[in-house]
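Letter by letter, the chains look like this.
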Amino acid sequence: MGIVCELYRMSDSKIEELKKIESEVAEEFLDENFASIFGKYHKENDTVFSMDKGWDITRSLIKQKDDTKDKFLKILDSKYIESGKVKRVNELLCGISNDGIKEVCDRKLMAENQVYLAKRLENWNETNFWNYILPHLDTYKKAFKKASELNHGIVFHFN
C-alpha cells in the first residue's frame, strides 16, 4: 500500500470547527463524511478530489515552480487552507503548465530530499513518469478551482 492524499472542499466555518476539536475526532469526521464513499459529503470531483501516491512529488514540483516573493505555495504543506488563501493558490496554479512543471523537475534531488515516493520513481522512463504525475497536477488544479469558485477552503487528508 502507500500514502494517498485526498483534498476535501468545505466551508471556512467547517474548517474552523475541525481545527478546534481533537485531531483524532477531526480525522474520524473526515473518514466518515468525506473519505467513505457512503459519506454524507462524498462527491468525487466536487467535494472529494483523490490522488494516488504521486501527490507529494507533484506538490514538490508545484512549490518549486512558485516564483512569488513569499513562496506562497508552501501553504500546500498545511492541513487546512481557508477560502481566501485557496483563491490565491488557485491563481498561482492557473499559471503553472505541464511544461513548467517539467522544467523544474529534478528527480534525483527530490529523492535526496526524501519527497514521498521520489526514490522509487527516480529511474522511471520519462513517459511513464509524466503519465503518472501530470494527472495529479490536474487534480490539484480542479480542487482549488472548484473551491475558489464556491468560496470554500481545502482540507488535506492522508490515508
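Everything below is about the structure shown above.
As the structure is a prediction and not an experimental result, all values here were calculated from the model.

Novice: If you had to explain the overall build of the protein to someone new, which residues and values would you point to?
Specialist: The number of helices and strands found in the protein is 8 helices and 4 strands. Element order for the protein, N to C, with α for helix and β for strand: β-α-α-β-α-β-α-α-α-α-α-β. Taken over C-alpha atoms, the radius of gyration comes to 16 Å for the protein, in line with the 15 Å a tight globule of 159 residues would show. Principal-axis analysis of the C-alpha atoms gives the protein an extent of 40 × 35 × 25 Å. In the protein, once contacts between residues fewer than 6 apart in sequence are set aside, the share between residues at least 24 apart is 73%. Here the protein displays about 8,500 Å² of accessible surface, and carbon together with sulfur accounts for 50% of that area.

Novice: Which residues make up the pairing of strand β4 (residues 153–158), and what are the values?
Specialist: Judged by how many residues are buried, β4 sits mostly within the fold: 5 of 6 residues are covered. Pairing between strand β1 (residues 5–10) and β4: 6 bridges, direction antiparallel. The residue bridging R9 from the neighbouring strand is I154, located in β4. Of the strand pairs in this sheet, strand β3 (residues 80–81) and β4 are connected by 2 bridges, and their pairing is antiparallel. Looking at the pairing, Y80 lines up with V155 of β4.

Novice: Please set out the pairing of β1 residue by residue, giving values where relevant.
Specialist: Sheet faces and side chains relate simply in a regular strand, where the side chains alternate between the two faces. Taking burial as the measure, the 6 residues of β1 include 6 buried ones, the bulk of the element. Every second residue of β1 is oriented toward a common face, with C5, L7 and R9 on one face and E6, Y8 and M10 on the other, all of them buried. The sheet contact formed by β1 and strand β2 (residues 48–51) spans 4 bridges and is antiparallel. Residue E6 lies in a different strand from β2, and its bridge partner there is S50.

Novice: So what about the sheet that holds β3? Which residues, and what values?
Specialist: Within the open sheet, the 4 strands sit side by side as β2-β1-β4-β3. Their pairing is antiparallel. A single partner strand is all that each edge strand has here, and the edge strands are β2 and β3.

Rules of the game
- Residues numbered from 1 in each chain as written.
- Predicted model: local features only at pLDDT ≥ 70, side-chain atom pairs only at ≥ 80, totals over all residues.
- Heavy atoms only, no water.
- Helix = DSSP H or I, 4+ residues; strand = E, 2+ residues; numbered from the N terminus.
- Rg over C-alpha atoms; globule rule 2.2 N^0.38 Å.
- Contact = heavy atoms within 4.5 Å.
- Areas by Shrake-Rupley, 256 points an atom, 1.4 Å probe, with all protein chains shown as cover.
- Buried < 20%, exposed > 50% of the residue type's maximum accessible area, 1.4 Å probe, protein only.
- Pairing = 2+ DSSP bridges.

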